[in-house]
Amino acid sequence: MKKKGLFISFEGIDGSGKTTQVKRLGQSLRDKGYELVTVREPGGTPVAEKIRELLLDARNDGICPRTEAFLYAAARAQLVTEVINPALTEGRVVIADRYLDSTLAYQGYGRGLDTRFLEQLNRLAVAGTVPDLTIILDISPVEGMVRRSDSCPDRLEREGLQFQEAVRAGYLSLSRQYPERIKVVDAMQPPEQVYAEIVALVTPFLAQLAEAGV
Ligand SMILES: Nc1ncnc2c1ncn2[C@@H]1O[C@H](COP(=O)(O)OP(=O)(O)OP(=O)(O)O)[C@@H](O)[C@H]1O
Ligand SMILES: [Mg+2]
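### Focus: the overall build of the protein
No. 1: When helices and strands are counted, the protein shows 8 helices and 5 strands.
No. 2: Each principal axis of the C-alpha atoms in the protein carries an extent, and together these give about 55 × 35 × 30 Å.
No. 3: The distance from the centre of the 27 positive side-chain charges to the centre of the 29 negative ones in the protein is 3 Å.

Pasting the structure below:
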């Protein structure tokens, strides 16, 4: 019998609280007895971790935006095949700290690559494995920078703010294009409040999972 689990992804600009909330939700679902798999992009399999090293290595500053897009897509294809699809087939809950929409927001709206091309690249990479629910944690770029650095951004960091602003606008645009799948949570609020809104969004999906007998 083919079982299908639940796939939730978290998105948002740097420092928006994704990892914080993924950990909290993950712990809560585990405590409730759900079989859970959490993944973080790029990485999660031996090959995808090697691609991650390529992407994060500061010496690879010559990587052009198209190469970057292909490398993220390659890592994602491997993660979907090796980890996400098998987990969903077994009826597990999969929580991803970034997924498809990061490519559109960062490489598309941020770096200016053609979003139609990136949509096709994403389709090829994930071969139909699209999240049931995507939660965008929305904050201002200044807040994201302050949270990450615990101080006011300096001049150079401020240049990065324009990029983060474009990425943020991209995420919000995606939420309007895919209103059924993508929900926006105001992540300027305290963590408990953000978490409460996340639980309200996730609960109906857990109920469906229970009804499906998974
Ligand atoms: N709602 C919140 N209010 C204030 N601070 C927060 C909130 N959520 C998270 N933080 C803090 O902000 C910092 C960044 O959070 P976190 O690492 O979860 O963000 P992220 O979206 O995963 O960032 P990145 O994109 O860099 O991985 C952490 O120090 C975290 O404790
Ligand atoms: Mg993080």
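### A few points about the sheet that holds strand E3 (residues 93-97)
Sheets are built from strands paired through backbone hydrogen bonds, the pairs being either parallel or antiparallel.
No. 1: What the 5 strands build is an open sheet, ordered E2-E3-E1-E4-E5; its pairing is parallel. Strands at the two margins of the open sheet, each flanked by one partner only, are strand E2 (36-40) and strand E5 (182-186). The sheet shows a mean angle of 20° between the axes of neighbouring strands, direction not considered.
No. 2: Sheet topology note: the strand E1 (residues 6-11)/strand E4 (residues 133-138) ladder contains 4 bridges and is parallel. Among the inter-strand pairings, Glu-11 is bridged to a residue of E4, identified as Ile-136.

### A closer look at the packing of aromatic side chains
No. 1: As enumerated under the stated definition, the model contains 4 aromatic pairs in all.
No. 2: Taking 6.3 Å as the distance between ring centres and 80° as the angle between the ring planes, the aromatic pair formed by Tyr-106 and Tyr-171 counts as edge-to-face. Residue Tyr-106 is located in helix H4 (residues 100-110), and its partner Tyr-171 is located in helix H7 (residues 155-177); the two are separated by 65 residues in the primary sequence. Comparing Tyr-106 with Tyr-171 shows no difference in burial state: the two are buried.

### Thoughts on the pairing of E4
No. 1: Across the 6 residues of E4, 6 count as buried, placing the element largely inside the fold.
No. 2: With burial as the criterion, each face of E4 is covered, one bearing Leu-133, Ile-135 and Leu-137 and the other bearing Thr-134, Ile-136 and Asp-138.
No. 3: In this structure, E4 lies alongside E5, joined through 5 bridges in parallel fashion. Note that in E5 the partner of Leu-137 across the bridge is Val-185.

### Remarks on helix H1 (residues 18-31)
No. 1: Here H1 spans 20 Å end to end across 14 residues, near enough to the 20 Å set by a 1.5 Å rise per residue.
No. 2: Within H1 the residues assigned to the buried category are Lys-18, Gln-21, Val-22, Leu-25, Gly-26, Ser-28 and Leu-29. All buried residues of H1 lie within an arc of 165° about the axis, which places them on one face of the element. Opposite its buried face, H1 presents the exposed residues Lys-23 and Asp-31, each directed more than 90 degrees away.
No. 3: If you follow the buried residues of H1, they end up packed against E1, E2, E3, E4 and helix H8 (191-211).

### A word on the packing of helix H2 (residues 46-56) against helix H3 (residues 65-89)
No. 1: As a packed pair, H2 and H3 sit with axes 8 Å apart at the nearest point and diverge in direction by 160°. Comparing the axis directions of H2 and H3 gives the class roughly antiparallel. Note on packing geometry: the crossing formed by H2 with H3 is left-handed. Judged by residue contacts, Pro-46, Val-47, Ala-48, Ile-51, Leu-54 and Leu-55 of H2 engage Glu-68, Leu-71, Tyr-72, Ala-74, Ala-75, Gln-78 and Glu-82 from H3.
No. 2: Across the contact of H2 with H3, the residue classes tally to 10 nonpolar, 1 polar and 2 charged.

### Focus: the site of ligand 1
No. 1: In the vicinity of ligand 1 there are 14 residues, among which Gly-15, Lys-18, Thr-19, Thr-20 and Gln-189 approach most closely.
No. 2: Within the backbone of Gly-17, an N or O atom sits 3.0 Å from an oxygen atom of ligand 1.
No. 3: Side-chain polar atom of Thr-19 to an oxygen atom of ligand 1: 2.7 Å apart, as the coordinates give it.
No. 4: Considering ligand 1 on its own, with 640 Å² of exposed area, one finds that the protein chains cover 66% of that surface.
No. 5: Among the secondary structure elements, those contributing two or more residues to the shell around ligand 1 are H1 and helix H6 (141-149).
No. 6: Top element by residues in the shell around ligand 1 is H1. It accounts for 3 residues.
No. 7: Classifying every residue of the shell around ligand 1 gives 3 nonpolar, 6 polar and 5 charged.

Analysis parameters
Residues numbered from 1 in each chain as written. Chains lettered and ligands numbered in written order. Predicted model: local features only at pLDDT ≥ 70, side-chain atom pairs only at ≥ 80, totals over all residues. Heavy atoms only, no water. Helix = DSSP H or I, 4+ residues; strand = E, 2+ residues; numbered from the N terminus. Lys, Arg positive; Asp, Glu negative; His and termini not counted. Charge placed at Lys NZ, Arg CZ, Asp CG, Glu CD. Pairing = 2+ DSSP bridges. Axes fitted to C-alpha atoms, helices over the stretch in contact; angles between N-to-C directions. Phe/Tyr/Trp six-rings, centres within 6.5 Å; stacked < 30°, edge-to-face > 60°. Buried < 20%, exposed > 50% of the residue type's maximum accessible area, 1.4 Å probe, protein only. Expected span 1.5 Å × (residues − 1). Arc of directions from axis to C-beta. Contact = heavy atoms within 4.5 Å. Parallel < 35°, antiparallel > 145°, perpendicular 65-115°, else oblique. Left-handed = near helix turned anticlockwise from the far one by under 90°. Nonpolar A, V, L, I, M, F, W, Y, C, P; charged D, E, K, R; others polar. Near = heavy atom within 4 Å. Polar contact = N/O pair within 3.5 Å; in protein donor to acceptor, adjacent residues only side chain to side chain. Areas by Shrake-Rupley, 256 points an atom, 1.4 Å probe, with all protein chains shown as cover.

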